[in-house]
Amino acid sequence: MSDWNTETAEWYAQKYGNYPTNRFGIDELDLSDNSTIVDIGCGTGSALRHAALKIKGGKFIGIDPVPRMVEIAIEETKEHMAINQIEFRVGSAENLPVENNIADYVLAFDSIDHWQDIEKGLLEVKRIMQLKGKFIIVKDNSVPGAKKAIADLTNKLDSIEFVIVDKQTISNDEVGFYMIIVELGK
């Protein structure tokens, strides 16, 4: 994330802050009420705000390595009906500022390519996931090299003993994306 600063965070928030994969990715999931959802690389918090509208109760934690992005997420969440259930923290995928075994769902929506060390980040995901938790990866398939990146990611998930339970390509009039849902292996 060394290229990210206040200026790039503000540019990203304006251009991609409410990117359709956030909304459509959440809409594809069958989320359980009273779940804890951790969003790694949460950006403006759009996916978490949408998730908070879909489920009753729950705790929503957004993590982003860019302090200005976390400030923007907090600003954009001030008027949200679930404001008391949503929090944002500065942190990286490789050193997540959350407790062990806390997450029912871990999200990486269009963020995994920005992780500094994907293997270390995946180990952190394993650390924070509950035993029956799910890790959901969304990647816009219009990005050059997306298909190869998904193939490489699949190999990394296997090497860290995640089990892929669903892998699909989803398209509509606004966007197309890959969605991979994984669980912890034995």
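Quick note: structure is the one above.
Now for a look at the structure at hand. Just so you know, these numbers come straight off a predicted model, no measurement behind them.

What counts and how
- Residues numbered from 1 in each chain as written.
- Predicted model: local features only at pLDDT ≥ 70, side-chain atom pairs only at ≥ 80, totals over all residues.
- Heavy atoms only, no water.
- Buried < 20%, exposed > 50% of the residue type's maximum accessible area, 1.4 Å probe, protein only.
- Helix = DSSP H or I, 4+ residues; strand = E, 2+ residues; numbered from the N terminus.
- Pairing = 2+ DSSP bridges.
- Core = buried A, V, L, I, M, F, W, Y, C linked by side-chain atoms within 4.5 Å.
- Contact = heavy atoms within 4.5 Å.
- Phe/Tyr/Trp six-rings, centres within 6.5 Å; stacked < 30°, edge-to-face > 60°.
- Polar contact = N/O pair within 3.5 Å; in protein donor to acceptor, adjacent residues only side chain to side chain.
- Right-handed = clockwise from strand over helix to strand, strands pointing away.
- Axes fitted to C-alpha atoms, helices over the stretch in contact; angles between N-to-C directions.
- Salt bridge = Lys/Arg side-chain N within 4 Å of Asp/Glu carboxyl O.

**Considerations on the pairing of strand β7 (residues 176-184)**
- Among the 9 residues of β7, 7 are classified as buried, and the element is accordingly described as predominantly covered.
- Of the pairings in the sheet, the one linking strand β5 (residues 129-140) to β7 comprises 6 bridges and is antiparallel in character. Bridge pairing links I136 to I181 in β7.
- Of the pairings in the sheet, the one linking strand β6 (residues 162-171) to β7 comprises 9 bridges and is antiparallel in character.

**A short note on the nonpolar core**
- Counting residues in each nonpolar core, the largest one holds 29 residues, and the members touching the most others are W115, L122, F135, L157 and F162.
- With residues near it in sequence (within four places) discarded, W115 still touches I40, A93, E94, A108, G121, L122, V125 and F135.
- If you look at the next biggest cluster of nonpolar residues, it comprises 27 residues, including I55, L107, F177 and I181.

**Let's talk about the packing of aromatic side chains**
- Scanning all chains against the criterion turns up 6 aromatic pairs.
- Aromatic pair W4 and Y12: ring centres 5.5 Å apart, planes at 65 degrees, arrangement edge-to-face.
- Overall, W4 belongs to the partly exposed group, its relative accessible area being 22%.
- Where W11 meets Y16, the ring centres are 5.7 Å apart and the plane angle is 75 degrees; that geometry is what we call edge-to-face.
- For Y16, a relative accessible area of 28% translates into the label partly exposed.

**Things to note about the side chain of T44**
- Positionally, T44 belongs in the loop between β1 (36-40) and α3 (46-54).
- Taking the relative accessible area as the measure of exposure, T44 reaches 2% and is therefore buried.
- Separated by 2.6 Å, the side chain of T44 and the backbone oxygen of G17 make a polar contact.
- Aside from chain neighbours lying at most four places away, what touches T44 is A13, G17, R49, M69, I72, A73 and E76.

**Things to note about the pairing of β1**
- With 5 of its 5 residues buried, β1 lies for the most part within the structure.
- Burial of the side chains of β1 extends over both faces: T36, V38 and I40 are buried on one face and I37 and D39 on the other.
- Relative to strand β2 (residues 59-64), β1 runs parallel, the two sharing 5 bridges. Residue pairing across strands places I37 opposite F60, the latter belonging to β2.
- In this view, the connection linking β1 to its parallel neighbour β2 by way of α3 has right-handed handedness.
- Sheet analysis places β1 next to strand β4 (residues 103-109), joined by 3 bridges and oriented parallel. Residue pairing across strands places I37 opposite Y105, the latter belonging to β4.

**What to know about the sheet that holds β5**
- Reading across the sheet, the 7 strands line up as β3-β2-β1-β4-β5-β7-β6 and stay open at both edges, with mixed pairing between neighbours. Edge positions in the open sheet fall to β3 (86-90) and β6, since each of these has one partner strand only. Strand after strand, the sheet turns through a mean of 20 degrees between neighbouring axes, direction not considered.
- Sitting on the sheet, α3 touches β1, β2, β3 and β4, and the angle it makes with β2 is about 175 degrees.
- Strands in contact with helix α6 (residues 146-159) are β5, β6 and β7; relative to β7, the strand with the most contacts, it is inclined by about 0 degrees.

**Observations concerning the pattern of salt bridges**
- Applying the stated criterion across every chain, the model contains 10 salt bridges.
- For the salt bridge of R49 with E76, the shortest nitrogen-to-oxygen distance reads 3.3 Å. With R49 in helix α3 and E76 in helix α4 (residues 67-77), this residue pair connects regions lying 27 residues apart in the sequence.
- Overall, E76 belongs to the partly exposed group, its relative accessible area being 36%.
- For E183, the salt bridge identified is with K134, shortest N-O distance 2.5 Å. Note that E183 is positioned in strand β7 and K134 in strand β5, a separation of 49 residues in sequence.
- Here E183 falls in the partly exposed class, since its relative accessible area comes to 25%.
- One continuous salt-bridge network, built from bridges that share partners, spans E10, R68, E71 and E75.

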